[in-house]
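# Coordinates in review
Below are the chains, spelled out letter by letter.
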Amino acid sequence: MPEPNQRPTWFLISQHWLSVTGVVLVITAVLTWIFILPVQLRGHVDNPYAGLVAFVLLPVVFFGGLVLTPIGLFLAKRRIRHGFSSGGFDRKNALRRIAIVVGVTTVLNILIGTQVSYRAVSHMETPQFCGGTCHVMAPEYAAYQNSPHSRVECVGCHVAPGASGWVSSKAAGTRQLVETILKSSPKPIPSAIETNRLVPARETCEHCHWPEKFSGVNLRVLTKYAPDETNTRTQTVLLMMVGGDKYKGIHGAHVGPGIHIRFAASDPKRQTITRVQYENESSGLKEEFVASDSQKAAPDGTATIEMQCVDCHNRPTHTFEMPEPGLDKALALGEIAVTLPYVKKESAQLLQATYTSQAEASEKIPSQLNAYYQQNYPSVYSQRGAEVDRAGKAVLAIYNRNVFPELGVTWGTYPNNLGHTESPGCFRCHDGSHTSSSGKTIPQDCNSCHEPLAMDEASPEILQKLGIAERISALQRK
Ligand code: HEC
Ligand code: HEC
Ligand code: HEC
Ligand code: HEC
Ligand code: HEC
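Just so it is clear, the structure is predicted and the values come from calculations on it, not from any experiment.

Now for the sheet that holds strand β8 (residues 450-457). Whenever strands of a sheet pair, they do so through backbone hydrogen bonds, lying parallel or antiparallel. Strand order in this open sheet of three strands is β1-β2-β8, and the pairing throughout is antiparallel. On the outer flanks of this sheet lie β1 (218-225) and β8, each paired with one strand and no other. Averaged over all pairs of adjacent strands, the angle between their axes in this sheet comes to 10°, without regard to strand direction. Here five bridges tie strand β2 (residues 233-240) to β8, and the two strands are oriented antiparallel to one another. Across the sheet, the residue bridging to Leu238 is Pro452, located in β8.

Turning our attention to the site of ligand 5. Around ligand 5 sit 20 residues, and of these Lys224, His420, Cys446, Cys449 and His450 come closest. Note that an oxygen atom of ligand 5 is positioned 2.9 Å from one of the side-chain N or O atoms of Lys224. At 2.7 Å from a nitrogen atom of ligand 5 is found a side-chain nitrogen or oxygen belonging to His420. Breaking the shell around ligand 5 down by element, the ones donating at least two residues are β1, β2 and β8. Here the shell around ligand 5 gets three residues from one element, more than from any other, and that element is β1.

A few words now on the site of ligand 1. Lining the immediate surroundings of ligand 1 are 25 residues, of which Glu140, Cys154, Cys157, His158 and His318 lie closest. Within the side chain of Glu140, one N or O atom sits 2.6 Å away from an oxygen atom of ligand 1. Between ligand 1 and Arg315, the relevant distance is 2.8 Å, taken from an oxygen atom to a side-chain nitrogen or oxygen of the residue. Sorting the residues of the shell around ligand 1 by element identifies α6 (127-133), α7 (138-145), α8 (154-158) and α10 (192-195) as the ones contributing at least two each. Considering only residue class, the shell around ligand 1 consists of 15 nonpolar, seven polar and three charged. Of the residues that make up the shell around ligand 1, three or more belong to each of domain 2 (129-189) and domain 3 (218-317 + 416-475).

Turning next to the coordination of the iron atom of ligand 3. Protein coordination at the iron atom of ligand 3 comes from His251 (NE2) and His313 (NE2), with a distance range of 2.0 Å. Overall, His251 belongs to the buried group, its relative accessible area being 17%. Judged by relative accessible area, His313 falls into the partly exposed class, the value being 33%.

Reading the values: rules and limits
Residues numbered from 1 in each chain as written. Chains lettered and ligands numbered in written order. Predicted model: local features only at pLDDT ≥ 70, side-chain atom pairs only at ≥ 80, totals over all residues. Heavy atoms only, no water. Pairing = 2+ DSSP bridges. Helix = DSSP H or I, 4+ residues; strand = E, 2+ residues; numbered from the N terminus. Axes fitted to C-alpha atoms, helices over the stretch in contact; angles between N-to-C directions. Near = heavy atom within 4 Å. Polar contact = N/O pair within 3.5 Å; in protein donor to acceptor, adjacent residues only side chain to side chain. Nonpolar A, V, L, I, M, F, W, Y, C, P; charged D, E, K, R; others polar. Domains from an automatic or database assignment. Donors = N, O, S within 2.8 Å, 3.2 Å for Na, K, Ca; no water. Buried < 20%, exposed > 50% of the residue type's maximum accessible area, 1.4 Å probe, protein only.

Note that all results are geometric; they support no functional claim without further evidence.
This is the structure in C-alpha cells:
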C-alpha cells in the first residue's frame, strides 16, 4: 500500500474494487472519447454504429464509472475510517486534498458529462441514428434520402413540439428498439397514420412552411415513355391550383381559415372514406357528404378525423415510387439511354418480377437486361455495351430504393394520397359519389384542381409557346 499520508485519494479509492473499476471506466471513456472526437467533429459520419459507440455506449460507460466510485467508497467506509486512524497521517490535510480532488474532478465531469450526454441525445436525433442504425427502417430511410426533405431531420417531423412530444417519441423509440431486438417488428412497418403514432401534426409542417402561402400555382410537366421500340416520349402539362391558406385553390379549400373538414374512414390506412363533414365558419355553411356506392356503404360512425396536411401529403419524404414513374424519371434524366430499343418495356418487366432479396435482384436485374440485348439486338449490344450496363445499374437502383423483400415492402405497400392515378388519393372524396342530402357532390371536374394544359402529347404546344420545350425535361421534378 502506498504511504497513506502522501496519497490519500489513491488510498481511499483503492480500498474497494468497485471504486477502482469506476475510476478505470471513467478514464477509459474519456480517453476513447478524446480520440474519436476529432473524427466525429469533422462532419457526418457515415457509419451509424460509430456514432452509437461515441454518443450512446461511451456515455453509459462514463456515467457507470461515476456511479461506481462513490458506491465503492461507501462500501469501504469502515476500512477507510480505520486507515485514517491507524495510518497516522494528517487527517485535516488529507480531507482538504480529497476535497480539492473531488471538487476539480466534479467540475471536469460535469463539463465533459453534459457535453457527452448532450451529444448522445442529439446523436439519437440524427437521421443516421433513426434511419441508419435500425435496419427495419431502411425503406423509410432510402425513400427519405431521395426526397425534398432529405436535409430535414427525422425529429423535425416525427417529434411534436414541447415536452410531451419528446416523451412520446422516446417511448415509441424504446418500443421500436425492443421490437428490433426481439425481432418482432411488423413487416412491413405499418404506416404512421395507420397506427396513429408519431403522425406529424399540422403545426409541425407549418413550422417550416409558411401557412399563408405554400405557393400560388405550380406548373407540372410530367414526361412519360411508352413501352414501344423507340420508347416514345409524351408530356402532360398541368397547372396545379395549389393556392394557400389565405388564397383559394387546393389549400384554401381544405386548410383555409375557418374551414374544417372532418371525415370517417372504414380502414386504418384511410383509403376508403365513407363520410365527410364540411364546415365553413365565415359563411356558416355546414354540409355532410356520404359515400353512395354500395361498396363504401357508409357506417353510421361520425366523422371524427380532422383533415390536415398529412391526409394529402402522407408521403412528403418517404415517397416510394411505382415502377413506371421511377423509370420515366431515370429516362428523362438520361440515367437510362432513351435510344436503347424497348428499354422501358424490358426494364419495367424486370422491376415487376419477384426476387427473394435485394441481393438476388442485384444479381439478376443487370445481367438479364444485358442478356436481352445480347440475344435480341446483338449489334446494339456489341457497340453500346457500356450504355446497357449503365441502364442495368439505374434500373437496379430504382428497385433497391423501393422494394425491400426481406422487410415486406414492395411496389404500392405505402400508397401516396397526393394525386389519383396510382392510388385513390384525392378521389377518396372527389369521386363524384360522395353526396349531400341536398344532392351536391364533392366535385370531380378535371379542371377544379389543375388546369390540364396538355395531355399525353408528343410536343405540347404550350411548352413550345413558352420556349422551354427542350429545357423543361431537365427541370422537372417527377
Ligand atoms: C417531412 C416530414 C418527415 C420527415 C423529415 C421524416 N418523416 Fe417519417 N413519416 C412522415 C409522415 C407524414 C409519415 C406517415 C406516413 C403515412 O402514415 O402514410 C411518416 C412515417 C414514418 C414511418 C412509418 C412507416 C411508413 O412508411 O409510414 C417510419 C418508420 C418513419 N416515418 C421513419 C422516419 C425516419 C427514420 C426518418 C429520418 C430518416 C423520418 N421518418 C423522417 C414524415 C416525415
Ligand atoms: C424542418 C423544416 C421542415 C418541416 C418540419 C417540413 N418541411 Fe416540407 N420542406 C422543407 C424543405 C427545406 C423543403 C425543400 C424546399 C422546397 O422544395 O421548397 C420542403 C419541401 C416540401 C414540399 C415540396 C416538395 C416538392 O416536390 O418540391 C412539400 C409538399 C412539403 N415540403 C410538405 C411538408 C409537409 C406536409 C410537412 C409536414 C409533414 C413538412 N413539409 C415538414 C422543410 C420542412
Ligand atoms: C387537400 C389536399 C392537401 C392538403 C390538406 C394540403 N396540401 Fe399541400 N399540396 C397539395 C397539392 C395537390 C399540392 C401541389 C402538388 C403538385 O404541385 O403537384 C400541394 C403543394 C404543397 C407544397 C409545395 C408548394 C410548392 O411551391 O411546390 C407545400 C410546401 C405544401 N403543399 C404544404 C402543405 C402544408 C404545410 C399543409 C398543411 C397545412 C398542406 N400542404 C395541406 C395538397 C394538399
Ligand atoms: C377527406 C375528403 C377529401 C379529400 C381526401 C380531398 N378533398 Fe378536396 N374537398 C373536400 C371537400 C369536402 C371539399 C368542399 C366541397 C364543396 O365546397 O362543396 C373539397 C374541395 C376541394 C376543392 C375546391 C373545389 C371547388 O370547386 O371549390 C379543391 C380544388 C380540392 N378539394 C382539391 C383536392 C385535392 C387536390 C385533393 C387531393 C390531393 C383533395 N381535394 C382531397 C374533401 C376532400
Ligand atoms: C380533387 C382534385 C383533382 C381532380 C378533381 C382531378 N385531378 Fe388529376 N391530379 C390531381 C393531383 C393532385 C395530381 C398529382 C399531380 C402531381 O403529380 O403532383 C393529378 C394528376 C393528374 C394527372 C397526371 C398523373 C400522372 O402521373 O400521369 C393526370 C393525367 C390527371 N390528373 C388527369 C385528371 C383528369 C382527366 C381528371 C378528371 C376526371 C382529373 N385529373 C381530376 C388532382 C385532381
